[in-house]
Amino acid sequence: IRSQGSLPHAILYAETLAFVCGTSILVLLYHKRIFFKIYTEVPFLLIILIITLGGILFSESRGVWLALFVACAGSLFLYDRRKSLIFLSCFIAVLLITFYFRVDMRERAKTIITSVYTEDENGSTGTRIELWKGALLIFKEFPELGAGTGNFESNIKRLIQEKKLKQILTMVHAHNIFLQALATHGIIGFAILAAIFTALIKWGISEIKSPERIGGYIIIFSTILAIVGGLTEDNLGTTKYLAAYCFTVGLFGPLGAMGNSERVIV
C-alpha cells in the first residue's frame, strides 16, 4: 500500500512533499541561519523533514526519489561541496536503513533499472516508453503548434488503431513534460517551456551571487526538481503540482534579499 495522503495519487503526493522536504534541507544547511530566532525552530524543521521524507519514501514513487536526490545534491553542490557530500551520505544512509527493513521498497527500487528490460507495454515503464514514442509521432504530424491541448489521448488511440503503437491502458498524457509540450504545443510550446526553465535558473544564479540570499538556491532546487521529475511524469500538467511549484518559488525566491536586519517569516 503506497502512501498518498489526501491526494488522488501517490506520485502527486510525493511530488508535492518533495518541495517541502528539499526546502527544509536547504534551510537547515544554510550557514547564515537568518531564519532561526528561537531554539524551537530547528527541531520543528527536523520534524517536518522526517515526516515529509518518510511520506516520499513510502509513496514508492521512484521518479520522485531520483528527482529529490538530484535537485538537493545539485543545489547544495552550488552552495557548499562539503555540505553536498554530507547530504549525499545521509541520504544514502536513510535509503539503506529503509531498504534493509522493507523488502517491498527494496524491490521497488530495483525496478528503476530492471523495468526497462523486464516490463512489457502494460507495465509502468513499458507504458511510458510507448507514450514517448506516440508523443514523437504526434509531433512529426503537427510540428509547429502541436495537436492542441486535450487532443493527446485521442491521437494516441488513433495511433494504436493504426498499429503504430502497442495497446496500452494509460493514454492521458505523455508522462514527460517536454514530450507533452512537443506533442500538444509543437516546437513553439517546447521553446516557451525551455525558456521559462532557463529564465528561472538564471534568476536563481543571479540571487546566489549575493552571500546573504538563500532564495536563489531554492529557486534552482525547485526548478531542477520539476525538470527531473518531469522526465517521467507530466507534473506541470497537474494544477496542484504547478501551484506547489509556483508557491515555493514565489515565497522563497526573494528570501534573504531583505537582509539579516529584518525578520523573515517562513
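Computed from a predicted model, the values in this text were never measured in an experiment.

### Section: the state of the cysteines
Then comes step 1: Going through the model one piece at a time under the given rule, you end up with zero disulfides.
Then comes step 2: In this structure cysteine 21 is not part of a disulfide, and its nearest cysteine sulfur, from cysteine 72, lies 6.4 Å away.
Then comes step 3: Here cysteine 72 falls in the buried class, since its relative accessible area comes to 0%.

### Here's the deal with the side chain of threonine 23
Then comes step 1: Turning to its location among the elements, threonine 23 is positioned in helix α1 (residues 10-29).
Then comes step 2: On the basis of relative accessibility, which here comes to 6%, the residue threonine 23 falls in the buried class.
Then comes step 3: Of note is the side chain of threonine 23, whose polar atom sits 2.6 Å from the backbone oxygen of phenylalanine 19.
Then comes step 4: For threonine 23, the residues in contact, after removing those within four places along its chain, are Ile218, Phe221, Thr248 and Phe252.

### Some words on the pattern of salt bridges
Then comes step 1: Applying the stated criterion across every chain yields a total of six salt bridges.
Then comes step 2: Of the charged contacts in the structure, one is a salt bridge between lysine 133 and glutamate 130, with a shortest N-O distance of 3.5 Å. Highlighted residues: lysine 133 and glutamate 130, both in helix α6 (residues 124-141), separated by three residues, approximately one helical turn.
Then comes step 3: With a relative accessible area of 44%, lysine 133 lands in the partly exposed category.
Then comes step 4: Given the relative accessible area of 5%, glutamate 130 is considered buried.
Then comes step 5: For lysine 164, the salt bridge goes to glutamate 162, with nearest N and O atoms at 3.5 Å.

### Remarks on the packing of helix α9 (residues 215-229) against helix α10 (residues 239-252)
Then comes step 1: Direction vectors running N to C along α9 and α10 enclose 165 degrees, while the axes themselves pass 8 Å from each other. Our classification of the angle between α9 and α10 gives roughly antiparallel. Relative to α10, α9 is oriented so that their crossing is left-handed. Each of Gly215, Ile218, Ile219, Ser222, Thr223, Leu225 and Ala226 in α9 lies in contact with α10, whose residues at this interface are Tyr241, Tyr245, Thr248, Val249 and Phe252.
Then comes step 2: Classifying every residue of the contact of α9 with α10 by side-chain character gives eight nonpolar, four polar and no charged.

### A look at the packing of α6 against helix α8 (residues 177-208)
Then comes step 1: Contact geometry for α6 and α8: axes closest at 8 Å, N-to-C directions at 15 degrees. By the angle class used here, α6 and α8 are roughly parallel. Two packed elements cross with a definite hand, and for α6 against α8 that hand is left-handed. From α6, Trp132, Ala135, Leu136, Ile138 and Phe139 reach across to α8, where they touch Leu179, Leu182, Ala183, Gly186 and Ile187.
Then comes step 2: Of the residues in the contact of α6 with α8, the class split is nine nonpolar, one polar and no charged.

### Some details on the side chain of glutamate 207
Then comes step 1: One can find glutamate 207 in helix α8.
Then comes step 2: Among residues more than four places away in sequence, those in contact with glutamate 207 are Arg213, Gly216, Ile219 and Gly253.

### Side note on a nonpolar patch on the surface
Then comes step 1: Taken together, Leu145, Ile187, Ile188, Ile192 and Ile196 make up a surface patch of nonpolar side chains, about 470 Å² in accessible area.
Then comes step 2: Inspection of the secondary structure puts isoleucine 192 in helix α8.

The rules behind each value
- Residues numbered from 1 in each chain as written.
- Predicted model: local features only at pLDDT ≥ 70, side-chain atom pairs only at ≥ 80, totals over all residues.
- Heavy atoms only, no water.
- Disulfide = S-S within 2.5 Å.
- Buried < 20%, exposed > 50% of the residue type's maximum accessible area, 1.4 Å probe, protein only.
- Helix = DSSP H or I, 4+ residues; strand = E, 2+ residues; numbered from the N terminus.
- Polar contact = N/O pair within 3.5 Å; in protein donor to acceptor, adjacent residues only side chain to side chain.
- Contact = heavy atoms within 4.5 Å.
- Salt bridge = Lys/Arg side-chain N within 4 Å of Asp/Glu carboxyl O.
- Axes fitted to C-alpha atoms, helices over the stretch in contact; angles between N-to-C directions.
- Parallel < 35°, antiparallel > 145°, perpendicular 65-115°, else oblique.
- Left-handed = near helix turned anticlockwise from the far one by under 90°.
- Nonpolar A, V, L, I, M, F, W, Y, C, P; charged D, E, K, R; others polar.
- Patch = residues over 30% accessible without salt bridge, like charges linked within 9 Å, V, L, I, M, F, W, Y side chains within 5 Å.
- Areas by Shrake-Rupley, 256 points an atom, 1.4 Å probe, with all protein chains shown as cover.

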